[in-house]
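The residues making up each chain are set out below.
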Amino acid sequence: MADTGVVELTSQEQFDSFVKNPKLVVIHFFADWASECQPMNEVLEALSKEQELKGVLFAKIPAENFPKISMQCKISAVPTFLFYLSGKLVDRLDGANAAKLTQMVKNNNAKAQTLEAASAPVLPGDVKPVEVAVTTKATSGSSDEILKKLINQAQVMLFMKGNAENPQCGFSRQAVALLKELKAEFGTFDIFTDEKVRQDLKTYSNWPTYPQLYINGELIGGLDIMKEMAASGDLAEMLPKNTQKAGTLEERLKQLTHKASLMAFVKGDRNVPKCGFSRQLIEILNETKLPFETFDILTDEDVRQGLKTFSNWPTYPQVYVKGNLVGGLDIIKELREGGELLSTLKGE
């Protein structure tokens, strides 16, 4: 089984064998008819060629061809990405978000390498130990050093049962919800994936329970402490400023759709459209002589995916007048043929 490239799984047996690999395994559940899947396949192919991810195994499987596997893995939509380590499901991503997929692969790979170092046998004194990369640096296999690496994987780290996408106890779920409410960006470590880390961290931090929150490598405490500090405003103050998002995605989308009286969300921009539909739309808008602005959805995956839900419109380009959705290229063409385009785009 190659360590580079994306393998297409073609049987239940191959799937079962693949997920049992001790390395980090990333599987893309896709469908040929889903337009969002092909770009994400390309992202996966690119990740598989990165040197720092050479130990990660990537695969894809057509979800509808394997209903038993899809049901077993609770696949309700495509694309969905599942992350396995030593046969255990450790993370998942539902939907097409290239930036988040990339970050999750790198975070889980760092955890996998750290855990590999933690389980490595102690070598005799005359044997030089192999350095194991954690994120971009090497580390020895001592327990304290490994825990320090884990704690400092992100400025805000939560050690919990499960992960942010799938908390596996009520306390962990509340801790994740609290951090999300504060619009914090944070990393997580699933203590169920490594019993040694789970037990050693209790001693290291002198804190007997989970979840545990760390900021800039320092223990803050468990859920009760987090709640108290959130209520007093102290937790928000402690969060590194660059981890606090400027606002929710919905707020950002509202600002973007109101950026100009006439806004077009396209692939490329008004000067260099990057698909035929966007090019046709811009030509029509130019013909109206009305002032308009464009937003290139290829530059921001969060906006690209979020706007589909925000507008309840699944494709691009999209045209907005005074913050209200008019529609895509077909609607614009219909309005032009009916003689209503100019008045519609003016908001009359």
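Before going into details, it helps to say that this report is about the structure given with it. (Residues numbered from 1 in each chain as written. Predicted model: local features only at pLDDT ≥ 70, side-chain atom pairs only at ≥ 80, totals over all residues. Heavy atoms only, no water.)

## A word on the overall build of the protein
- Counting its regular elements, the protein contains 14 helices and 15 strands.
- Relative to its 348 residues, the protein shows a buried fraction of 47%.
- Contacts in the protein between residues far apart in sequence, at least 24 positions, make up 63% of those at least 6 positions apart. (Helix = DSSP H or I, 4+ residues; strand = E, 2+ residues; numbered from the N terminus. Buried < 20%, exposed > 50% of the residue type's maximum accessible area, 1.4 Å probe, protein only. Contact = heavy atoms within 4.5 Å.)

## Side note on the environment of Val-90
- Checked against the element boundaries, Val-90 lands in strand β5 (residues 88-94).
- Put simply, Val-90 and Glu-165 are 75 residues apart on the chain and 10.0 Å apart in space, counted from C-alpha to C-alpha.
- Dropping the residues within four chain positions of it, Val-90 is found in contact with Phe-83, Tyr-84, Leu-85, Asn-108, Asn-163 and Thr-193.

## Topic: the pattern of salt bridges
- Throughout the structure, instances matching the rule amount to 11 salt bridges.
- With a closest N to O distance of 3.1 Å, Asp-200 and Lys-196 form a salt bridge. A residue pair is termed a helical-turn pair when its members lie 3 or 4 positions apart in one helix, as Asp-200 and Lys-196 do in helix α7 (residues 195-205) at 4 residues.
- Close ionic contact of Glu-287 with Arg-336 constitutes a salt bridge, the shortest N to O distance being 3.4 Å. One end of the pair, Glu-287, is in helix α11 (residues 276-288); the other, Arg-336, is in helix α13 (residues 329-337), with 49 residues separating them in the sequence. (Salt bridge = Lys/Arg side-chain N within 4 Å of Asp/Glu carboxyl O.)

## Things to note about the environment of Ser-35
- Tracing the backbone through its elements, the reader meets Ser-35 in the loop between β2 (24-30) and α2 (37-48).
- Sequence separation between Ser-35 and Thr-315 is 280 residues; the distance between their C-alpha atoms is 9.1 Å.

## Re the pairing of strand β13 (residues 293-296)
- Taken together, the 4 bridges between strand β12 (residues 262-266) and β13 define a ladder with parallel strand orientation. Paired with Phe-265 across the two strands is Phe-295, which belongs to β13.
- Crossover handedness for the path β12 to α11 to β13: right-handed. (Pairing = 2+ DSSP bridges. Right-handed = clockwise from strand over helix to strand, strands pointing away.)

## Focus on the packing of helix α5 (residues 143-151) against α7
- Between α5 and α7, the shortest axis-to-axis distance is 10 Å and the interhelical angle comes to 90 degrees. Comparing their axes, α7 and α5 come out roughly perpendicular. Note on element contacts: α7 touches α5 through Lys-196, Val-197, Asp-200, Leu-201 and Tyr-204, opposite Ser-143, Asp-144, Leu-147, Lys-148, Leu-150 and Ile-151.
- Split into classes, the residues belonging to the contact of α5 with α7 amount to 6 nonpolar, 1 polar and 4 charged. (Axes fitted to C-alpha atoms, helices over the stretch in contact; angles between N-to-C directions. Parallel < 35°, antiparallel > 145°, perpendicular 65-115°, else oblique. Nonpolar A, V, L, I, M, F, W, Y, C, P; charged D, E, K, R; others polar.)

## Section: the pairing of strand β10 (residues 212-215)
- Residues of β10 alternate between two faces, with Gln-212 and Tyr-214 on one and Leu-213 and Ile-215 on the opposite face, all of them buried.
- Taken together, the 3 bridges between β10 and strand β11 (residues 218-221) define a ladder with antiparallel strand orientation. Across the sheet, Ile-215 pairs through a bridge with Glu-218, a residue of β11.
- Between β10 and β11, which pair antiparallel in sequence order, lie 2 residues; one of them, Asn-216, sits at a positive phi of approximately 50 degrees.

## Here's the deal with the sheet that holds β12
- Strands sit in the order β13-β12-β14-β15 across an open sheet of 4 strands; the sheet is mixed. Both edges of this open sheet fall to β13 and β15 (324-327), since each of them pairs with a single strand only. Direction aside, neighbouring strands of the sheet carry axes that sit 30 degrees apart on average.
- Both β12 and strand β14 (residues 318-321) contribute to a ladder of 4 bridges, which runs antiparallel. Residue pairing in the sheet places Phe-265 in a bridge with Gln-318 of β14.

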